[in-house]
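An overview of the molecular structure
Now for the letters of each chain:
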Amino acid sequence: MDDLKRITIPSPCHQSWQQMTPDGQGRHCLHCCKTVVDFSKMNSDEVIGHLANQTNVCGRFAEHQLTTINRQLNDQNLTRTNNWKKWLVAAGVLGAAMLNRAAAQSIPANPAATQQNPASKPPSFPLGKIEIIDSSRYTKITGRVIGADDKLPLPGVSIGIKGTLAGTVTDNNGCFTLKVPWAMPVLVARYIGYTTQEVSVQPATSQPVPISLTLSPQIMGDIVIIKRPFYTRWYNRLIRRPVHKLFHPKKAA
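Residues numbered from 1 in each chain as written. Predicted model: local features only at pLDDT ≥ 70, side-chain atom pairs only at ≥ 80, totals over all residues. Heavy atoms only, no water.

Note: strands within a sheet are paired through backbone hydrogen bonds, in either parallel or antiparallel orientation. Reading across from one edge, β9-β6-β12 is the order of the 3 strands in this open sheet, with mixed pairing throughout. Edge positions in the sheet fall to β9 (175–181) and β12 (209–213), since each of these pairs with one other strand and no more. In this sheet, neighbouring strand axes are inclined to one another by 35° on average, regardless of whether the strands run parallel or antiparallel. Relative to β9, strand β6 (residues 138–147) runs antiparallel, the two sharing 7 bridges. The residue bridging Arg144 from the neighbouring strand is Cys175, located in β9. (Pairing = 2+ DSSP bridges. Helix = DSSP H or I, 4+ residues; strand = E, 2+ residues; numbered from the N terminus. Axes fitted to C-alpha atoms, helices over the stretch in contact; angles between N-to-C directions.)

Turning our eyes to something else, we now look at the packing of aromatic side chains. What characterises a pair of aromatic rings is the spacing of the ring centres plus the angle enclosed by the ring planes. Across all of its chains, the model carries 2 aromatic pairs by this definition. Their ring planes at 15° and their centres at 4.9 Å tell us that Phe39 and Phe61 sit as a pair that is stacked. Of this pair, Phe39 sits in the loop between β4 (34–38) and α1 (44–51) while Phe61 sits in strand β5 (residues 57–62), placing them 22 residues apart in sequence. Note on Phe39: relative accessible area 0%, which makes it buried. Residue classification places Phe61 among the buried residues on the basis of a relative accessible area of 0%. Where Tyr191 meets Tyr194, the ring centres are 5.5 Å apart and the plane angle is 35°; that geometry is what we call tilted. Accessibility expressed as a relative area gives 11% for Tyr194, which makes it buried. (Phe/Tyr/Trp six-rings, centres within 6.5 Å; stacked < 30°, edge-to-face > 60°. Buried < 20%, exposed > 50% of the residue type's maximum accessible area, 1.4 Å probe, protein only.)

The subject of this paragraph is the state of the cysteines. All told, the structure shown has 0 disulfides when counted by the stated rule. With no disulfide partner, Cys29 has as its closest neighbouring cysteine sulfur the one in Cys32, 3.6 Å distant. Given a relative accessible area of 3%, Cys29 falls into the buried group. (Disulfide = S-S within 2.5 Å.)

With that out of the way, let us pick up unusual backbone geometry. Despite not being glycine, Cys33 shows a phi value in the positive range, around 55°. Inspection of the secondary structure puts Cys33 in the loop between β3 (26–29) and β4. On the accessibility criterion, Cys33 (58% relative accessible area) is exposed.

Spelled out as structure tokens, the structure:
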């Protein structure tokens with residue numbers, strides 16, 4: 001995973017994804033006779049892990065997904081570059097602490113200074129207004145999320161109330177249940193590979209709230225995988241990874 005430096009699609013393909021036939025992790029393109037891997041529903045770690053040992057891959061990404069992945073790769077590189085600086089600073093701080101401790105031990109103790117002050121500071125307590133949440137101000141609503149293209153249910157969609165931290169996810173049938181305030185709330189539906197959608201609902205309704213998500217703009221084509229220099233990859237494999245496993249062993253399941 002840490003061998004990659006950057007991934008790009010210099011020449012995007014304009015073939016129709018819908019006209020391709022399903023094939024394994026993606027679809028088969030009759031124009032170039034290749035399998036186009038669908039990365040649009042993968043997170044950055046999954047994409048990087050898939051491309052780590054690949055050389056000739058044609059893929060499909062969601063809009064801005066390449067930018068997010070390359071930013072993560074760049075952040076990982078900066079972290080590794082600054083590791084030696086952190087170790088140097090830590091060594092300096094440890095050395096200074098040891099010198100200060102040795103100097104403190106050489107100074108004779110003052111009995112008067114070690115006596116505790118009888119007038120200790122009383123404990124403090126937080127003060128504030130207590131808000132009592134009235135359950136009668138909330139009601140439950142149900143809904144179902146489907147894809148706008150194929151009309152199939154979407155499981156695992158994140159459903160939240162705009163402006164709050166409250167939320168839930170859809171089940172295998174794309175259905176959800178959520179407690180919302182009586183005031184007209186705005187639901188926010190988020191799903192990887194689809195455009196985020198906001199829906200205003202009436203809490204008083206007993207009918208399920210229908211939400212239809214559309215696929216986000218895609219970019220598709222041959223992926224150019226830029227790897228790190230040869231000596232960096234061998235350092236990661238022979239030194240960095242074994243040392244990391246030595247100090248960070250995986251817990252037994």
